[in-house]
Amino acid sequence: MLLLGPSGAGKSTLLAALAGLHEPETAGEPEGSLVVDGRPARELRSRTGLLLQDPDTQLVMARAGDDVAFGLENAGLPEHLIWPRVDEALAAVGFGYGRQRSTAALSGGEKQRLALAGVLARRPGLLLLDEPTANLDPAGADLVRQALARVDATVLLVEHRVAEALPLIDRVVVLAAGGGVAADGSPDEVLRRHADELAAAGIWVPGRPIPTRHATTSPGQQVLAGDDLSYRHIRPPDVSLHRGEAVALTGANGTGKTTTAMLLAGLRRPDSGGAFVPGNDKPLHRWRAHDLARTVGTVFQEPEHQFLRSTVADELGGTHGDLLERLHLTRYAAANPFTLSGGEKRRLSVATALASGADVLVLDEPTFGQDARTWAELLALLADLRDEGAAVLAVTHDEAFASALADRRLVLT
């Protein structure tokens, strides 16, 4: 079953509740019933498997094989059965390393595959997947979908790549923004007969046109250059960013996209070379934090890593109500940033970078978890900043976003 709905409609909350993670005393005022196999969900945790949006919340061991084995050991599976299951699960998701691989050395997409392997190894009867392919390159996403096609379980899937997921889907349920179910039926019935109202609600409907915003003028002067950069085994090509251009940084999982972005943003000390702005011989990683933040605005892959204040409004300094409105966050102005949904956290992290007024924006997966409306708004905001003279570098696996915004691509191999 494919679970759809606009960002913030409660898709992730429903998955966590079905996994038995919301205790009655902490989940607020309950309504209705939530049962798995006729029993309260919290009593059937051993029968459910949940993959969260952020794989870092699910990896608990230092080595990949041990992490996949963790759940099996907790369930008391005999040792001689554990390691064949571990190897089977790692192969199913296309994990490119052996059991001994350090989990700390993995990219975001590789961590996602490993977390999914840990869930599949337990062979749950109910499999709950929250954006399982969002951080994966196209080949990796296809491997995951192939693995899901072979799963003997009830699968509840939250996925924005609707067109790619459809061959797996028997039923589609759409959550309404204000609560309740907006549509429920076969893929054909829901996605074709209700296409107009779904699109109006921000649901990604396959076949609908996607806006594009390419630059209408040539790039201006250089504002940042990455020269002879290296970090451990990663050696990206030299990079030059100019005013009025948007660059998409793409490549397979594990090729060093996030590392390259952090090197260019001055947030990671390189083993050699450096990132520089014209007229200043000091590399960015040696700048004072205050000066760096006013020059390069950064969006991390994990938005929680850059939240510093207790309310959404305070994250933006309290003076950027227009950004809150454009990114559909106004009603959360007084909320704690950590209570937002995954897509809302991503929009807030992008808003904090935009509010900095920096000449260069470095964004890691800026469209993660967005519905069609908020995706289009992010595209328009970044395109406007590019057209006003900023340089935009976006790490992305979102091919539609790269095609819609980028004036140039940098592909890592």
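Residues numbered from 1 in each chain as written. Predicted model: local features only at pLDDT ≥ 70, side-chain atom pairs only at ≥ 80, totals over all residues. Heavy atoms only, no water.

1. Digging into the packing of aromatic side chains
Stage number 1. Scanning all chains against the criterion turns up four aromatic pairs.
Stage number 2. Seen from their ring centres, Trp204 and Trp375 are 5.3 Å apart, and the 80 degrees between their planes marks the pair as edge-to-face. With Trp204 in the loop between helix H8 (195-200) and strand E9 (222-230) and Trp375 in helix H14 (residues 372-387), this residue pair connects regions lying 171 residues apart in the sequence. Summarising the burial analysis for this pair, Trp204 and Trp375 share the class buried.
Stage number 3. Relative to Phe401, the ring of Trp375 has its centre 6.3 Å away and its plane inclined at 80 degrees; by these criteria the two rings are edge-to-face. Of the two residues, Trp375 is situated in helix H14 and Phe401 in helix H15 (residues 399-405); the sequence distance between them amounts to 26 residues.
Stage number 4. Classification of Trp375 as buried rests on a relative accessible area of 2%.
Stage number 5. Residue class for Phe401 comes out buried when judged on its relative accessible area of 1%.
Stage number 6. Across from the ring centre of Tyr97, 4.0 Å away, lies the NZ or CZ of Arg101, which sits over that ring.
Stage number 7. Taking the ring centre of Tyr231 as reference, the NZ or CZ of Arg268 above it sits at 5.0 Å. (Phe/Tyr/Trp six-rings, centres within 6.5 Å; stacked < 30°, edge-to-face > 60°. Helix = DSSP H or I, 4+ residues; strand = E, 2+ residues; numbered from the N terminus. Buried < 20%, exposed > 50% of the residue type's maximum accessible area, 1.4 Å probe, protein only. Lys NZ or Arg CZ within 6 Å of the ring centre and 35° of its normal.)

2. Observations concerning the pairing of strand E4 (residues 48-51)
Stage number 1. A two-sided burial pattern is seen for E4, the buried positions comprising Thr48 and Leu50 on one face and Gly49 and Leu51 on the other.
Stage number 2. Two strands pair when backbone bridges link them, and E4 and strand E5 (residues 126-130) are joined in this way by four bridges, in the parallel orientation. Within E5, the position partnered with Gly49 by the bridge is Leu127. (Pairing = 2+ DSSP bridges.)

3. Considering the sheet that holds strand E14 (residues 360-364)
Stage number 1. Spatially, five strands are ordered E13-E14-E15-E11-E16 in an open sheet, and the strand pairing comes out parallel. Looking at strand neighbours, the two that pair on one side only are strand E13 (296-299) and strand E16 (408-412), the edges of this open sheet. Strand-to-strand twist in this sheet, taken as the mean axis angle between neighbours without regard to direction, amounts to 15 degrees.
Stage number 2. Pairing between E13 and E14: four bridges, direction parallel. Bridging across to E14, Thr298 finds its partner in Val362.
Stage number 3. Most of the contacts of helix H13 (residues 342-355) go to E13, to which it runs at about 175 degrees, and overall it touches E13 and E14.
Stage number 4. H14 contacts strand E11 (245-251), E14 and strand E15 (391-395) of the sheet and is inclined by roughly 155 degrees relative to E14. (Axes fitted to C-alpha atoms, helices over the stretch in contact; angles between N-to-C directions. Contact = heavy atoms within 4.5 Å.)

4. Focus on unusual backbone geometry
With the exception of glycine, most residues fall at negative phi, and the peptide bonds are largely trans.
Stage number 1. Notably, Asp37 is not glycine yet its phi reads approximately 55 degrees, a positive angle.
Stage number 2. Counting through the fold element by element, Asp37 comes out in the loop between strand E2 (35-36) and strand E3 (39-40).
Stage number 3. Look at Asp37 and you get exposed, because its relative accessible area is 60%.

5. Overview of the nonpolar core
Stage number 1. With 76 residues, the main nonpolar core has Leu4, Val68, Leu114, Leu129 and Val174 as its most contacted residues.
Stage number 2. Discounting chain neighbours no more than four positions away, the residues touching Leu4 are Lys11, Glu159, Val162, Val172, Val173, Val174, Leu175, Leu191 and Ile203.
Stage number 3. With 26 residues, the next largest nonpolar core counts Val239, Leu241, Val277 and Trp287 among its residues. (Core = buried A, V, L, I, M, F, W, Y, C linked by side-chain atoms within 4.5 Å.)

6. Looking at the side chain of Asp130
Stage number 1. Topologically, Asp130 is positioned in strand E5.
Stage number 2. Of the side chains with opposite charge, Lys11 comes closest to the buried, unpaired Asp130, at an N-O distance of 7.2 Å.
Stage number 3. Of note is the side chain of Asp130, whose polar atom sits 2.5 Å from the side chain of Ser12.
Stage number 4. A polar contact is formed between the side chain of Asp130 and the side chain of Gln53, at a distance of 3.5 Å.
Stage number 5. In this structure Asp130 touches Ser12, Leu15, Leu51, Leu52, Gln53, Gln112 and Val158, once residues within four positions along its chain are discounted. (Lys, Arg positive; Asp, Glu negative; His and termini not counted. Salt bridge = Lys/Arg side-chain N within 4 Å of Asp/Glu carboxyl O. Polar contact = N/O pair within 3.5 Å; in protein donor to acceptor, adjacent residues only side chain to side chain.)

7. A few points about a nonpolar patch on the surface
Stage number 1. Nonpolar side chains collect at one region of the surface, where Val60, Met61 and Phe70 lie side by side and expose about 230 Å² of accessible area between them.
Stage number 2. Relative to the elements of secondary structure, Met61 occurs in the loop between E4 and helix H2 (64-74).
Stage number 3. Exposure remark for Met61: the relative accessible area of 30% places this residue in the partly exposed category. (Patch = residues over 30% accessible without salt bridge, like charges linked within 9 Å, V, L, I, M, F, W, Y side chains within 5 Å. Areas by Shrake-Rupley, 256 points an atom, 1.4 Å probe, with all protein chains shown as cover.)

8. Describing the environment of Ala62
Stage number 1. Looking at the element boundaries, Ala62 is found in the loop between E4 and H2.
Stage number 2. Residue Ala62 is classed as exposed on the basis of its relative accessible area of 57%.
Stage number 3. Residues Ala62 and Glu197, spaced 135 residues apart in sequence, show a C-alpha to C-alpha distance of 47 Å.
Stage number 4. In this structure Ala62 touches Arg101, Ser102 and Thr103, once residues within four positions along its chain are discounted.

9. Some remarks on a positive patch on the surface
Stage number 1. Residues Arg269, Lys282, Arg286 and Arg288 make up a contiguous surface patch of positive charge.
Stage number 2. With relative accessibility at 53%, the residue Arg286 sits in the exposed group. (Charge placed at Lys NZ, Arg CZ, Asp CG, Glu CD.)

10. With respect to the pairing of E5
Stage number 1. For E5, a buried count of five out of five residues is recorded, marking the element as mostly surrounded by other parts of the structure.
Stage number 2. The side-chain alternation of E5 yields two buried faces, one formed by Leu126, Leu128 and Asp130 and the other by Leu127 and Leu129.
Stage number 3. Sheet topology note: the E5/strand E6 (residues 154-158) ladder contains five bridges and is parallel. Counterpart to Leu127 in the pairing with E6 is Val155.
Stage number 4. The handedness of the E5 to E6 crossover, carried by helix H5 (residues 138-149), is right-handed. (Right-handed = clockwise from strand over helix to strand, strands pointing away.)

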